[in-house]
Amino acid sequence: MEVQVFGTKKNPATRAALRFFAERRIRTHFVDFAERAAAPGELKRFAQKFGVQALVDREGKAFAEMGLRYATYSEERWLEKLVDEPGLLVQPLVRWQHKLTIGDASAEWKQWIEQAKQSK
């Protein structure tokens, strides 16, 4: 089993996700948005499942600093903004096979691990 974790090392939720998988000896592929911008196609995959608005961290520091409280962007414009400014994303974004989560979803991750064990 290998999961992909997208986020930044500074984000506590991302660090918690990496620790969650490390403690269970699950291999992770970490994509640090501070080093490499999010791929638009990857973000679209998450947006299709959860909606673009669910990807926006409205409580985050970057959101407040950019003055986006009253912003009314189209979904495409929000995706462009999220690619350019990864600090606006709810983190972490986690993918295993075709399953996706945003934020802390440890209960769902545990289900993934059980499914992976059963399929062996």
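What this report covers is the structure whose coordinates are included nearby. (Residues numbered from 1 in each chain as written. Predicted model: local features only at pLDDT ≥ 70, side-chain atom pairs only at ≥ 80, totals over all residues. Heavy atoms only, no water.)

## So, the overall build of the protein
Stated formally: In this description a helix means any DSSP run of H or I spanning at least four residues, a strand means any run of E spanning at least two, and both kinds are numbered starting from the N terminus. Both definitions apply: the radius of gyration is a C-alpha atom measure, and the globule rule equals 2.2 Å times residues to the power 0.38. Think of it in three bands: residues with accessible area under 20% of the maximum for their type are buried, residues over 50% are exposed, and the middle band is partly exposed, with areas taken using a 1.4 Å probe on protein chains only. Residue contacts are defined here by distance: any two heavy atoms, one from each residue, within 4.5 Å place the two residues in contact.
Broken down by element type, the protein carries six helices and four strands. Relative to a compact globule of 120 residues, whose C-alpha radius of gyration would be 14 Å, the protein shows 15 Å and is just as compact. With the C-alpha coordinates aligned to their principal axes, the bounding extent of the protein is approximately 50 × 25 × 25 Å. Going through the 120 residues of the protein one by one, you find that 42% of them count as buried. Expressed as a percentage of contacts within the protein between residues at least 6 apart in sequence, the contacts between residues at least 24 apart total 63%.

## What about the layout of surface pockets?
Counted only if it meets this: Points on a 1 Å grid, built from protein atoms alone, make a cavity when a 1.4 Å probe fits but cannot get out and make a pocket when they are open with protein on both sides within 12 Å along at least 5 of 7 lines; residues with an atom within 4 Å of a point are the lining residues. Grid points are joined across faces, edges and corners, and a volume is the space filled by probe spheres set on the points.
The space that makes up the largest pocket amounts to roughly 320 Å³. Contributing to the lining of the largest pocket are 15 residues, with Thr8, Lys61, Ala62, Gly87 and Gln91 lying nearest its centre.

## Details of helix H2 (residues 40–50)
To keep things clear, this is the line we draw: Directions are taken from the helix axis to each C-beta atom, and the arc is the one they span.
All of the buried residues along H2 are Glu42, Leu43, Phe46 and Ala47. Seen along its axis, H2 keeps its buried residues to an arc of 135°; they face one direction. Considering only its buried residues, H2 is in contact with strand E1 (2–7), helix H3 (52–55), helix H5 (75–84), strand E3 (93–96) and strand E4 (99–102).

## Considerations on the nonpolar core
What counts is decided by this rule: Side-chain atoms within 4.5 Å link the members of a nonpolar core, which is a set of buried Ala, Val, Leu, Ile, Met, Phe, Trp, Tyr and Cys residues.
The biggest cluster of nonpolar side chains holds 22 residues, and the ones touching the most others in it are Phe33, Leu43, Phe46, Leu55, Leu82, Leu89 and Leu93. Looking at this core, the elements that each hand over two or more residues are H2, H3, helix H4 (61–65), H5 and E4. Tallying contributions element by element places H5 first for this core, with four residues. What phenylalanine 46 contacts, discounting residues up to four positions off in sequence, is Phe6, Gly51, Leu55, Leu93, Val94, Arg95, Leu100, Thr101 and Ile102. Counting 13 residues, the second largest nonpolar core, distinct from the first, contains Val5, Phe20, Val94 and Trp96.

## Some points on unusual backbone geometry
With omega at -5°, the peptide bond leading from glutamine 91 into proline 92 counts as cis. Relative to the assigned elements, proline 92 resides in the loop between H5 and E3. Positive phi is not limited to glycine here, since glutamine 97 has a value of about 50°. As for its position among the elements, glutamine 97 is in the loop between E3 and E4. A relative accessible area of 55% means that glutamine 97 is categorised as exposed.

## Here we look at the pattern of salt bridges
What counts, and what does not: Here, a salt bridge means any Lys or Arg side-chain nitrogen found within 4 Å of an Asp or Glu carboxyl oxygen.
Taken as a whole, this structure holds five salt bridges when the rule is applied. For the salt bridge of glutamate 2 with arginine 27, the shortest nitrogen-to-oxygen distance reads 3.5 Å. Taken together, the residues span a long stretch of sequence, with glutamate 2 in strand E1 and arginine 27 in strand E2 (residues 27–32) at a distance of 25 residues. The class for arginine 27 is exposed, based on a relative accessible area of 55%. Where glutamate 42 meets arginine 45, a salt bridge forms, and the shortest distance between an N and an O atom there is 3.1 Å. Linking glutamate 42 with arginine 45, this pair stays in helix H2, spanning three residues, or about one helical turn.

This is a description of form; function is not addressed.
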